[in-house]
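Coordinates in review
So you can see what is in the structure, the chains are spelled out below.
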Amino acid sequence: MDNEAFFTQNGYIVFNDLLSSSEWKQIDSIYNAILTNTIDLSENRSDLSGKGRGINAVEKITQIMRPSDKIPFFKTSKLLKECTQLSKKLLGADMALDFDMLINKAPHTNTPTPWHQDEAYWPTMPDKRALSFWIAIDDATKENGCMWYAPKSHLQPQLEKHVQLPNGGALCCQWSEEEALCIPIAKKSAVAHHGRTLHYSRGNSTSGNRRAYILNFRPQAMIDLERSLGFDHTGKRSVQS
Ligand SMILES: O=C(O)CCC(=O)C(=O)O
């Protein structure tokens with residue numbers, strides 16, 4: 001079965017060795033500088049597990065939205081060109097980059113990303129085509145929090161019911177590992193999923209970081225619609241009704 005057919009049937013697809021070694025090195029060093037605040041992207045930085053209490057609260061699932069707004073490398077990378085082409089092949093010639101983000105699970109933080117469909121985070125749109133490339137900057141394993149997918153869940157006619165975790169945390173719905181597949185991938189590889197595909201990751205119980213860089217694509221007309229609603233994926237502007 002070719003990639004397009006597999007993705008159409010299952011709602012996710014793995015691309016091995018998508019990132020070149022030279023671009024991996026650049027992202028590795030930029031990513032570390034961001035995590036340690038040597039490059040300050042704190043404006044768009046939050047903890048998907050919800051805000052910890054107290055000044056010593058450990059950030060468990062660091063999420064940084066739209067790093068390419070501040071770091072030109074991400075806008076000119078071969079990786080972006082490659083993912084753009086793949087998104088057009090999988091979902092149509094009008095697919096374009098909507099936003100990018102970094103998600104890291106810090107060592108020994110053991111905090112799952114709850115089950116969800118990305119679409120639950122976005123304004124309702126007439127055209128539901130959307131694709132995220134989850135690119136592993138570290139080897140992603142069951143133990144450090146690789147992605148899990150519910151195959152064919154992108155074909156569900158309705159979104160699952162989602163609620164927000166306390167203290168500004170992630171959106172979540174009810175699902176289980178028994179109804180899903182664990183997809184470990186090596187660093188420099190990627191797994192792409194549809195905006196409606198149910199997914200989750202276990203917590204990181206290892207001594208290293210679990211860094212991922214994510215690129216999200218949708219039809220240009222839907223990006224224009226989002227922006228006209230004041231929605232830009234920074235969480236700073238709310239959707240107008
Ligand atoms: O990195 C994770 O643990 C979750 C990523 C995710 O939910 C996404 O890319 O949509």
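Further up the page is the structure itself.
Quick look at the structure, then. (Residues numbered from 1 in each chain as written. Predicted model: local features only at pLDDT ≥ 70, side-chain atom pairs only at ≥ 80, totals over all residues. Heavy atoms only, no water.)

Observations regarding the site of the ligand
The condition that has to hold: Working definition: residue near molecule or strand if any one of its non-hydrogen atoms lies within 4 Å of it. Under the rule applied, a polar contact is a pair of N or O atoms within 3.5 Å (in protein, one hydrogen donor and one hydrogen acceptor; residues adjacent in sequence only if both atoms are side-chain atoms). What sets the accessible areas is the Shrake-Rupley method with a 1.4 Å probe; for residues, cover comes only from the shown protein chains. A run of H or I in DSSP counts as a helix once it spans at least four residues, and a run of E counts as a strand once it spans at least two, with each numbered from the N terminus. By the convention adopted, Pro, Cys, Tyr, Trp, Phe, Met, Ile, Leu, Val and Ala count as nonpolar, Lys, Arg, Asp and Glu as charged, and the other residues, Gly among them, as polar.
The full set close to the ligand counts 13 residues, and Thr113, His116, His199, Ser201 and Arg210 are the nearest of them. With respect to the ligand, the side chain of Trp134 contributes an N or O atom lying 3.0 Å from an oxygen atom. Alone, the ligand offers 290 Å² of accessible surface; in the complex the protein occludes 98% of this. Those elements that place two or more of their residues in the shell around the ligand are strand E4 (95-105), strand E5 (113-116), strand E12 (199-201) and strand E13 (210-219). Per element, the largest residue contribution to the shell around the ligand is three residues, and it comes from E4. The residue makeup of the shell around the ligand, split by class, is five nonpolar, five polar and three charged.

Quick look at the pairing of E13
One face of the sheet, then the other: side chains in a regular strand alternate in exactly this way. This is how the line gets drawn: Per-residue accessibility, obtained with a 1.4 Å probe over protein chains only, is compared with the maximum for each type, and a residue is labelled buried under 20%, exposed over 50%, and partly exposed between these values. Here, a strand pair is defined by DSSP locating no fewer than two bridges between the strands.
For E13, the buried fraction is high: 10 of the 10 residues fall into the buried class. Pairing of E4 with E13 involves 10 bridges; the strand directions are antiparallel. Residue pairing in the sheet places Asp100 in a bridge with Leu215 of E13. In this structure, strand E6 (residues 131-136) lies alongside E13, joined through six bridges in antiparallel fashion. Its bridge partner being in E13, Ile135 is matched across the sheet by Tyr213.

Considering the state of the cysteines
Spelled out, the test is: When two cysteine sulfur atoms lie within 2.5 Å, the pair is treated as a disulfide.
Per the counting criterion, the structure on display carries zero disulfides. Looking at the unpaired Cys83, the closest cysteine sulfur is the one in Cys146, lying at 19 Å. You can call Cys83 buried: its relative accessible area is 0%. Of all cysteine sulfurs in the structure, the one in Cys182 sits closest to Cys146, which takes part in no disulfide; the separation is 3.5 Å.

Section: the environment of Ile71
How we decide: In what follows, residue pairs with any heavy atoms lying within 4.5 Å of each other are defined as contacts.
Relative to the helices and strands, Ile71 resides in the loop between strand E3 (61-65) and helix H3 (73-76). Overall, the relative accessible area of 8% leaves Ile71 in the buried class. For the pair Ile71 and Trp175, spaced 104 residues apart in the sequence, the C-alpha separation amounts to 36 Å. The contacts of Ile71, once residues within four sequence positions are left out, are Ile30, Ile34, Ile39 and Leu41.

Functional significance is not addressed by these values, which are geometric in nature.
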